[in-house]
Amino acid sequence: MSHIGNYEETYAKFTWRDAEREIGYEPGDPINIGAWCTDRICAQGKGRKTALVWEGHDGTRKQYTFDDMRLRTNTIAAFLRSHGIEPGERVCLFMDKIPELYFGFLGVLKTGAIVQPLFSAFGSESLLTRLADAGTSAIFTQKKHLAKVRAIVDQLPSLRLIIVVDDDGSKPLRERETAFDMDGSPQVEHFDVHPTTAESPSVLHYTSGTTGKPKGAQHVHYSLISQYITAKYVLDLHEDDIYWCTADPGWVTGTSYGIIGPWANGVTQCVTDAGFKADNWYGFIERMRVTVWYSAPTAIRGLMKEGLDVVRKYDLSSLRHLCSVGEPLNAEAVLWSKEAFGKMFHDTFWQTETGCIVISNYPGMPIKPGSMGKPFPGITAAVLDPSTYEPIAVKGEVGLIAIRPPWPSMFRTYWKNEETYKAKFRNGWYICGDRASIDEDGYFWFIGRDDDVINTAGHLVGPFEIESALLEHPAVAESAAVGKPDPVNMEVVKAFIALKPGYTPSKTLELEIMNFIRKKLSPLAMPQEVEFVPSLPRTRSGKIMRRLLRAREWGEEIGDTSTLEND
Ligand code: PRX
């Protein structure tokens, strides 16, 4: 029996207060995500239940109960406090998907500090931008990533503590660096959790927009209410489930549904640090007896490419419920999953800013393959006319996806950027920046983004960040980065580049530029293709017309080019 029951009935009667009561929260009381995912579950008598089964890429396995997790998070929190980290300071996690990342997240929150998870594949420049913006005080990292931190530390005066979680003493640590051994340290039985309340800042997730540098979406401890109930209703988490979220906690899916939602429900999670390959993944599901699986369209398309024969080599009969997020889930992928696993993937739609799933397909509700489903109970969603910001009444007409504030996990601001935050609200609605239509049965159908942000493999990459980094290459005079269609990743980055005098286009230069971006920013931001052009199309006011370049890549109508200067 699904938790949500009949969708329409639950939607009609649900209030957030119901979710507050369920989780034992009374308005005005302290609430702390770190404690509620660990101490609270132990207090319910589930201390000996497995919280995390972790498998490294070399097959190493580590297993932790909820009580182990309570102790580890206490130990991390006490360590930070003893090093003078105060509530409200930013503490970054810059690690692979190792247990320290998961427990570090909750440990930081127990101290009242703000946790800032960053993708470990980020290069120094991506890291610098985000640490400088947040004025981060401490960073947890591994030996393998330390060089990237050392490369920028001189530019980060507020970064006073660099914590290496796997130091083996083989190389001397430098000033500001300190070693911390999570499993080997004496475990702290009692930690006075900072009495954060609903509006205390919790998580700072950086996300890319069209213009400017990445912005820090600031969440609060009250987000727990949404994350708990959506994990329960959408992911349909039950007491004996073994849940696997494939997302990295450097991105919001990996925290809202890879840490907070499932553990607030007291559910066992498993994590693999192994790379993507059908054999790895199916083997993991078989070994762990995964029952609920939350993944992404790019991964599903990747699995489709490897075919059904490999599916049949494994016993995947434990799978009960499948969900997907991050990009449009095409109907073919939904139908293929039915054939491959006997279950359809349920598409879910949300964003870093929404903090929780806002539109989704629910267990028990008929799936229309290709549709994102319907608003979560407690969420009012609409598509708006882009000129009036009024809901569109006509079924099937395309408009802007919008959510009516507030809801518990709505972001509360962009870090030190209130102006951009305010600009996301119009006519009493939060504007997601995506386009969709609603059909006669109330199902939402995704059309596309309403800006120039590139969605590659479910990860948003800002064109501005890539273009700024490209300008640092000696050969580049000007550039534009756009999304180009890709059969597996949906989009990949393509860069149009005009060279400085004295440089000539060549394959070697193309590869050099690609690598330059991979190292500086990340493998995701690396252009998969470079096209050298004499100049870039601009508007009369001098703005590069990315949209025109993008439309060409997608074979779309170019539309009105009258404002172009040199096309
Ligand atoms: O464009 C939409 C796309 O991903 C964006 C949000 O990205 P991010 O903040 O990184 O969060 C990703 C995971 C929650 C959205 O504005 N997106 C997300 N889910 C879907 C989607 N596009 C289509 N269908 C989805 N289900």
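Residues numbered from 1 in each chain as written. Predicted model: local features only at pLDDT ≥ 70, side-chain atom pairs only at ≥ 80, totals over all residues. Heavy atoms only, no water.

K.L.:
Tell me about the overall build of the protein chain, residues and numbers included.
P.N.:
Tallying secondary structure elements over the protein chain gives 18 helices and 27 strands in all. Whereas a compact globule of 567 residues would reach a radius of gyration of roughly 24 Å, the protein chain reaches 23 Å, a difference of no more than 12%. Counting only C-alpha atoms, the protein chain reaches 70 × 65 × 50 Å along its principal axes. Taken across its 567 residues, the protein chain has 61% of its residues classed as buried. Considering only contacts within the protein chain whose residues lie at least 6 apart along the sequence, 69% involve residues at least 24 apart. For the protein chain, the separation between the mean place of its 62 positive charges and that of its 73 negative charges on side chains is 2 Å. (Helix = DSSP H or I, 4+ residues; strand = E, 2+ residues; numbered from the N terminus. Rg over C-alpha atoms; globule rule 2.2 N^0.38 Å. Buried < 20%, exposed > 50% of the residue type's maximum accessible area, 1.4 Å probe, protein only. Contact = heavy atoms within 4.5 Å. Lys, Arg positive; Asp, Glu negative; His and termini not counted. Charge placed at Lys NZ, Arg CZ, Asp CG, Glu CD.)

K.L.:
A description of the nonpolar core should follow, citing residues and the corresponding values.
P.N.:
Of all hydrophobic cores here, the largest spans 99 residues; its most connected members are Phe140 and Trp263. Counting residues per element, this core draws most heavily on helix 6 (residues 99–111), at seven residues. For Trp263, the residues in contact, after removing those within four places along its chain, are Cys37, Ile41, Ala51, Leu52, Phe66, Met69, Tyr102, Phe103, Leu106 and Gln269. Grouped together as the second largest cluster of nonpolar side chains are 39 residues, Ile152, Ile162, Trp251 and Val530 included. (Core = buried A, V, L, I, M, F, W, Y, C linked by side-chain atoms within 4.5 Å.)

K.L.:
Outline the environment of Ala134, supporting the account with residue identities and numerical values.
P.N.:
Take Ala134: it is sitting in helix 7 (residues 124–134). Take Ala134: its relative accessible area is 0%, and that puts it in the buried class. Distance in space between the C-alpha atoms of Ala134 and Asn280 is 36 Å, their sequence separation being 146 residues. Look past the residues within four positions of Ala134 in its chain and what remains in contact with it is Arg90, Gln116, Leu204, Tyr206 and Trp415.

K.L.:
Could you give an account of the sheet that holds strand 13 (residues 321–325), naming the residues involved and the relevant values?
P.N.:
One key point about sheets: their strands pair by backbone hydrogen bonds, in either a parallel or an antiparallel sense. The strand order across the open sheet formed by nine strands is 2-1-11-10-12-13-14-15-16, and the pairing between neighbours is mixed. Two strands in the sheet have a free side with no partner beyond their single neighbour: strand 2 (61–65) and strand 16 (374–375). Pairing analysis gives three bridges linking strand 10 (residues 242–245) to strand 12 (residues 292–295), with the strands arranged parallel. Bridge pairing in strand 12 links Cys245 to Tyr294. Each of strand 12, strand 13 and strand 14 (345–349) is contacted by helix 12 (residues 297–306), which is oriented at about 115 degrees to strand 13, the strand it contacts most. (Pairing = 2+ DSSP bridges. Axes fitted to C-alpha atoms, helices over the stretch in contact; angles between N-to-C directions.)

K.L.:
Residues and numbers for the packing of aromatic side chains, please.
P.N.:
According to the stated counting rule, one finds 38 aromatic pairs in the structure shown. A centroid spacing of 6.0 Å and a plane angle of 35 degrees characterise the contact between Tyr233 and Phe376, whose relative ring orientation is tilted. Taken as a pair, Tyr233 in helix 9 (residues 223–233) and Phe376 in the loop between strand 16 and strand 17 (381–384) lie far apart in primary sequence, 143 residues in all. The exposure class assigned to Phe376 is buried, which follows from its relative accessible area of 0%. (Phe/Tyr/Trp six-rings, centres within 6.5 Å; stacked < 30°, edge-to-face > 60°.)

K.L.:
Describe in detail the packing of helix 9 against helix 10 (residues 252–264), supporting the description with residues and values.
P.N.:
Two packed helices can be described by the angle between their axes and the distance between those axes. Two elements in contact, helix 9 and helix 10, have axes whose closest approach is 8 Å; the angle formed by their N-to-C orientations is 80 degrees. Judged by the angle between their axes, helix 9 and helix 10 are roughly perpendicular. Between helix 9 and helix 10, the residues in contact are Leu224, Gln227, Tyr228, Thr230 and Ala231 and Ser256, Tyr257, Ile260, Gly261, Pro262 and Ala264, respectively. Residue classes in the contact of helix 9 with helix 10 are distributed as seven nonpolar, four polar and no charged. (Parallel < 35°, antiparallel > 145°, perpendicular 65-115°, else oblique. Nonpolar A, V, L, I, M, F, W, Y, C, P; charged D, E, K, R; others polar.)

K.L.:
Before we move on, could you go through the site of the ligand and cite the residues and values that matter?
P.N.:
Close to the ligand lie 18 residues; Asp347, Thr348, Gln351, Thr352 and Asp434 are nearest. A distance of 2.8 Å separates a nitrogen atom of the ligand from a polar atom in the side chain of Asp347. If the ligand stood free it would expose 540 Å²; the protein chains cover 96% of that surface. Listed by contribution, the elements that provide at least two residues to the shell around the ligand are helix 10, strand 14 and strand 22 (444–449). Top contributing element to the shell around the ligand by residue count: strand 14, with three residues. (Near = heavy atom within 4 Å. Polar contact = N/O pair within 3.5 Å; in protein donor to acceptor, adjacent residues only side chain to side chain. Areas by Shrake-Rupley, 256 points an atom, 1.4 Å probe, with all protein chains shown as cover.)

K.L.:
Mind laying out the domain arrangement of the protein chain, listing which residues take part and the relevant values?
P.N.:
For the protein chain, the assigned domains are domain 1 (67–220) and domain 2 (452–554). For domain 1 versus domain 2, the distance between C-alpha centres works out to 31 Å. Every contact between the two is made by 17 residues of domain 1 and, on the other side, 16 residues of domain 2. The junction of domain 1 with domain 2 conceals about 1,100 Å² of combined surface from both sides, 51% of it contributed by carbon and sulfur atoms. On the domain 1 side of the interface with domain 2, the three residues burying the most area are Glu125, Ser208 and Thr210, jointly 46% of the side's total. Our count for the contact surface shared by domain 1 and domain 2 stands at two salt bridges. Along the contact surface separating domain 1 from domain 2 lie six residue pairs in polar contact (both at pLDDT 80 or more). With five residues, helix 7 is the single largest residue contributor to the side of domain 1 that touches domain 2. Partitioning the side of domain 1 that touches domain 2 into residue classes produces four nonpolar, 10 polar and three charged. (Domains from an automatic or database assignment. Buried area = accessible area lost by both parts, 1.4 Å probe. Salt bridge = Lys/Arg side-chain N within 4 Å of Asp/Glu carboxyl O.)

K.L.:
For the environment of Ser120, give the residues involved together with the corresponding values.
P.N.:
Structurally, the position occupied by Ser120 is in the loop between strand 4 (114–117) and helix 7. The class of Ser120 is buried, set by a relative accessible area of 6%. Taking the C-alpha atoms as reference points, Ser120 and Asp248, 128 residues apart in sequence, are found 9.2 Å from one another. Apart from residues no more than four positions distant in its own chain, Ser120 is found in contact with Phe94, Met95, Asp96, His145 and Lys148.

K.L.:
Can you lay out the pattern of salt bridges for me, pointing to particular residues and giving the numbers?
P.N.:
As enumerated under the stated definition, the model contains 43 salt bridges in all. Its salt-bridge partner being Arg150, residue Glu177 comes within 2.7 Å of it at the nearest N-O pair. Placement of the pair is Glu177 in strand 7 (residues 177–179) and Arg150 in helix 8 (residues 143–150), with a sequence separation of 27 residues. By relative accessible area, Arg150 is classed as partly exposed at 22%. The closest approach of N and O atoms between Arg320 and Asp236, which form a salt bridge, is 2.9 Å. In this pair, Arg320 sits in the loop between helix 13 (308–312) and strand 13 while Asp236 sits in the loop between helix 9 and strand 10, placing the two residues 84 residues apart along the sequence. In this structure Arg320 comes out as partly exposed when scored by relative accessible area, which is 32%. Its relative accessible area of 5% is what places Asp236 among the buried residues. Here the residues in one salt-bridge network are Lys484, Lys494, Glu529, Glu531 and Glu553, joined through shared partners.

K.L.:
Give me the lowdown on the pairing of strand 5 (residues 138–141), citing residues and values where you can.
P.N.:
Across the two faces of strand 5 the burial is the same, with Ala138 and Phe140 and Ile139 and Thr141 all buried. With four bridges connecting them, strand 3 (residues 90–94) and strand 5 associate as parallel partners. Across the sheet, residue Val91 finds its bridge partner in strand 5, namely Ala138. Tracing the backbone out of strand 5, into helix 8 and back to the parallel element strand 6 (residues 161–164) gives a crossover that is right-handed. (Right-handed = clockwise from strand over helix to strand, strands pointing away.)

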